[in-house]
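Observations on the model geometry
Letter by letter, the chains look like this.
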Amino acid sequence: MIHSLFLINASGDIFLEKHWKSVVSRSVCDYFFEAQERASEAENVPPVIPTPHHYLLSVYRHKIFFVAVIQSEVPPLFVIEFLHRVVDTFQDYFGVCSEVMIKDNVVVVYEVLEEMLDNGFPLATESNILKELIKPPTILRTVVNTITGSTNVGDQLPTGQLSVVPWRRTGVKYTNNEAYFDVIEEIDAIIDKSGSTITAEIQGVIDACVKLTGMPDLTLSFMNPRLLDDVSFHPCVRFKRWESERILSFIPPDGNFRLLSYHVSAQNLVAIPVYVKHNISFRDNSSLGRFEITVGPKQTMGKTVEGVMVTSQMPKGVLNMTLTPSQGTHIFDPVTKLLSWDVGKINPQKLPSLKGSVSLQAGTSKPDENPTINLQFKIQQLAISGLKVNRLDMYGEKYKPFKGIKYMTKAGKFQVRT
Amino acid sequence: MAVAQLYWHLAPKSEAGIVSKSLVRLLRSNREVQYIVLQNIATMSIQRKGMFEPYLKSFYVRSTDPTMIKTLKLEILTSLANEANISTLLREFQTYVKSQDKQFAAATIQAIGRCATNITEVTDTCLNGLVCLLSNRDEIVVAESVVVIKKLLQTQPAHHGEIIKHMAKLLDNITVPVARASILWLIGEYCERVPKIAPDVLRKTAKSFTNEDDLVKLQILNLGAKLYLTNSKQTKLLTQYVLNLGKYDQSYDIRDRTRFIRQLIVPNEKSGALSKYAKKIFLAQKPAPLLESPFKDRDHFQLGTLSHTLNSRATGYLELSDWPEVAPDPSVRNVDVAESVRQHLFLNFFNLAADLEGLSLSSSSVIDVTTQVSVPTKTHELLHRMSGKGLAAHYHFSRQPGIFGDHMVSVQMTVTNTTDQKIENIHIGEKKLPPGMRMHEFNPIECLEPAGSVTVSMGIDFCDSTQTASFQLCTKDDHFNVSIQPPVGELLLPVTMSEKDFKKEQGMLTGMNETSATIAVAPQNSTRLVIIERVVKAANLGVVPSVEPSFNMNMFAAKTVHSGSLMLVTVELKESSTAQLIINTEKTVIGSVLLRELKPVLSQG
């Protein structure tokens, strides 16, 4: 299985290595560096690289490459999922996964990696269990540890390992019992230059933050469960009940977790909340081209669109852009040719627009294709697919908890072709 | 992915389709997962297009995707193309061709070519589109289109003279070697259709021969040879000039080819037999190339494996074995219960016999039912004499196994006549039993004298649940509705087993099948005998003898009456008058109910 793990930063230095079987020398990473050089950008490095005696499987997150060394046949998705889980665990423990944080907390990182893999096979990867085994570092604990010389390693085996409900430890107590659910939907869409939708789909998740005492048994039902036909659940959900009655029945893990993720692909169900009116034309040879875009709300059911950010990758021949926005701030980076315009909230009465001119580098010809515009936005209290939660009941405990539900729609990969 | 692999390799075609939805959902995660899933989908979509056709739109390329993802998606789109969706796809392709990522644009053009060969209706439109692309400004695009047009033209050379002429005109502007070579080849191959242009092209390229790339030089030589053979009047000198240039070229490949061609085509006394056939050799019909997907051969690697991703065998890769010639005996799927019980009884007999003779067989774990260890004396009221108009009934569980059948719990009922007249024909009338429950009635009591009482037995199969069995107790004139709810301890039959077997069985029933609790033990309950006595009184369990009497650990074993699932109870005394009560059983519901019932038994006096 996984032989070793190397962490490589953006400038090509190996700053952490961990071996589970025999030590593999760093020279195996040279093949990785070769592939990195051949790829034009970090995103294009192939995730699977064969070398004479090993195979390198890598993931790229937070500007760090996590490279796993394998020696024999293994399903590559297995390794990749595991590597992503390692990154998520680090993020969970330290708040942010960056080279600096990892270097500061090297001891905890090594301990966690040791627990997660046993002789190269994944052992304990659930966040609750890991947190009981190796306690996350806080300032207080670090101070106490330095004084008393003890470590973060927990003293007891977590009780969760052997119980009926492995994702929830027993004996949880809170003074305020509350359960919050966030329905977050992301729209991915490609819009044509005439404004019609080429493709649109919604990817949604329901995240929960459950702080309840004891072992509660929750039941969540929806107004229109027929919307959810392509769903992936957290293992705590009882599937049979969903199949027969379309009701979610589960014993929740403690704290934050993702309850389910779903996908709505039927095009007629997706209402596109914003539109972009654009007028972009380039002209040859140092005469100025025109660049105008206006963003406006379409089907938002009356809710405001906020957090709007428009980015566009300009063709390489663009020299400079002089633009005036009616709202918000804009930046054009002449090195990466990236234009970004931070709009803020869209006021339906006065639609924000960005107008100006584009100049091309002398001697370059007009670019063939107009740049695509990528849009980011957030709409609060709206679930664009129309999903609505009906009720949430709690069984198994005697208190009355505080329940809350919030809806939000975000833009995923929302592209407008011009 | 593993599930998809399983379905793909094993399932019949009609069922394999359900994995496509989930695989497409997987595409929404990070790029490494996308990369691998897309590769697998590419292999799958070549063999079974229908699986992914409804999801065509999910494979549309976004401009923010990394290049390798874009090429993979393009690959899949091309495999999924058919007459119905080709027009939308072509429109998409046109957008992609204008993309800023030139490598991707080139791949798109190849994809258009592949679609054109596969779907004959659109071949002409594709060809026209590609020709328009020839006037594109970008060289790589033009070069790629030339190559693809060449391949397309080979499939139907008949009426494309115009295109060839057009391409000949472009020769001046194109600098990419592959493109130039392609155009020259085309002209040479169809030089009969463009008789006026071909020599002119030769003239121009002869002028620039020395500056050309090797690939192009080879083609110039070819062109020269073909023209010499067909049109030697105009081109003889030119060809000889070109051949001379080639003779002294730096690359030995060129020199070699020049020598070869010269011998073949220039008439000479010493020329060999082949020169007669020179015309046929050079101008033979060549078969059109097949434009194929690079994923075509990957399907002999199992989906989802490292070997599939790398398209080469990885160390430790195990081939999927072929379907067997003869279907293996399907009877291995039947777990034959009766068979095993009979075998058990047989073994029992042997054990008993051996014991009698003082021998002992090496035992497989023999689990059999013994007689009850103690019979509880607790009676429950079934019918009060007031509600029964003088007829009173009580019942208790006699814990006698097997009287009425394997699955029945035996209940003994005592009926008393408190009136001063005889009651006749006491029997059971209508039964309202929950589904699955059965009842074996007692024989009707003909006559009960005043102040007399009679005890009868009956059996009730509670189906391992504590639900009540309701029925009517009738006399000649009346009927009364009564019900019996069994305490959970009566749903069990004791079994004997050795401590070793107990531990083994307990080891197999862990995880969800185990419930435990820590209870406080009343001081008078802390000796082993008392514990055993109280526990067995509460529930019909059998005591497991411990080899080394550890006074702290008490084990009891039983099985449920209806289904025969094992119920293993352990009472382990700990310090400070607490004990740990552990129940291992498959019937978790009954286990937890039993746990609840046993707790007060030990903690109270």
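Here, the structure is the one placed above.
What you are looking at is a predicted structure, and each value in this text was computed from that prediction instead of being measured. Residue indices follow the written sequence of each chain, beginning from 1 at its first position. For naming, the first written chain is A and the first written ligand is 1, with later ones following in the order written. Totals for whole chains, interfaces and linings use every residue, but because this is a predicted model, local features are given only for residues with pLDDT of at least 70 and side-chain atom pairs only at 80 or more, for both listing and counting. With hydrogens and water excluded, all non-hydrogen atoms of the structure serve as input to the side-chain values.

Moving on to the pairing of strand β13 (residues 255-264) of chain A. Residue and element names in this part refer to chain A. Each residue's exposure class comes from its accessible area (1.4 Å probe, protein chains only) as a fraction of the maximum for that residue type: buried when under 20%, exposed when over 50%, partly exposed otherwise. Here a strand is any run of E in DSSP of at least two residues, a helix any run of H or I of at least four, and the numbering for each starts at the N terminus. Burial runs high along β13: eight of the ten residues are buried. Where strand β11 (residues 231-233) and β13 come together, three bridges link them in antiparallel fashion. Looking at the pairing, Ser232 lines up with Ser261 of β13. At least two DSSP bridges between two strands are needed for those strands to be called paired.

In this section: a negative patch on the surface. Patch members must show over 30% relative accessible area and no salt bridge, and they are joined within 9 Å when carrying like charges or within 5 Å when they are nonpolar side chains of Val, Leu, Ile, Met, Phe, Trp or Tyr. To measure how exposed things are, a 1.4 Å probe is used in the Shrake-Rupley method; for residues, cover is taken only from the protein chains shown. Think of a salt bridge as a Lys or Arg side-chain nitrogen and an Asp or Glu carboxyl oxygen that are within 4 Å of each other. A positive count includes Lys and Arg, and a negative count includes Asp and Glu. His and the chain ends are not counted in either. The location of each charge is read from NZ of Lys, CZ of Arg, CG of Asp or CD of Glu. A contiguous patch of negative charge on the surface is contributed by Asp213, Asp214, Asp253 and Asp256 of chain B. In this structure, Asp253 of chain B sits in helix α15 (residues 252-265).

What follows deals with the environment of Tyr35 of chain B. With respect to the element layout, Tyr35 of chain B can be found in helix α4 (residues 31-47). Note on Tyr35 of chain B: relative accessible area 13%, which makes it buried. On a C-alpha basis, the gap between Tyr35 of chain B and Thr309 of chain B in space is 9.2 Å, while along the polypeptide they are 274 residues apart. In what follows, residue pairs with any heavy atoms lying within 4.5 Å of each other are defined as contacts. Sequence-distant contacts of Tyr35 of chain B, that is, excluding residues within four places in its chain, are made with Pro47 of chain A together with Met68, Ile69, Leu72 and Thr309 of chain B.

What follows is about helix α5 (residues 67-79) of chain B. Residues and elements named next belong to chain B. Across its 13 residues, α5 extends 19 Å between first and last C-alpha, which sits within 8% of the 18 Å expected from 1.5 Å per residue. For α5, a buried count of twelve out of 13 residues is recorded, marking the element as mostly surrounded by other parts of the structure. Those residues of α5 that fall on the buried side of the exposure criterion are Thr67, Met68, Ile69, Lys70, Leu72, Lys73, Leu74, Glu75, Ile76, Leu77, Thr78 and Ser79. Contacts made by the buried residues of α5 are with α4, α6 (86-97) and α7 (102-118). How far a helix is expected to stretch is found by multiplying one less than its residue total by 1.5 Å.

All names here are of chain A. The strand order β2-β1-β5-β4-β3 describes an open sheet built from five strands, whose pairing is antiparallel. Looking at which strands have only one partner, the edges of the open sheet turn out to be β2 (14-19) and β3 (48-50). Each strand axis lies, on average, 20 degrees off the axis of its neighbour in the sheet, ignoring direction. Whenever a helix is involved, its axis is fitted only over the stretch in contact; in every case the axis is a line through C-alpha atoms, and angles between N-to-C directions fall within 0 to 180 degrees. Helix α2 (residues 76-94) contacts β1 (2-8), β4 (55-61) and β5 (64-70) of the sheet and is inclined by roughly 40 degrees relative to β4.

Keep in mind that these numbers describe shape and distance, not what the molecule does.
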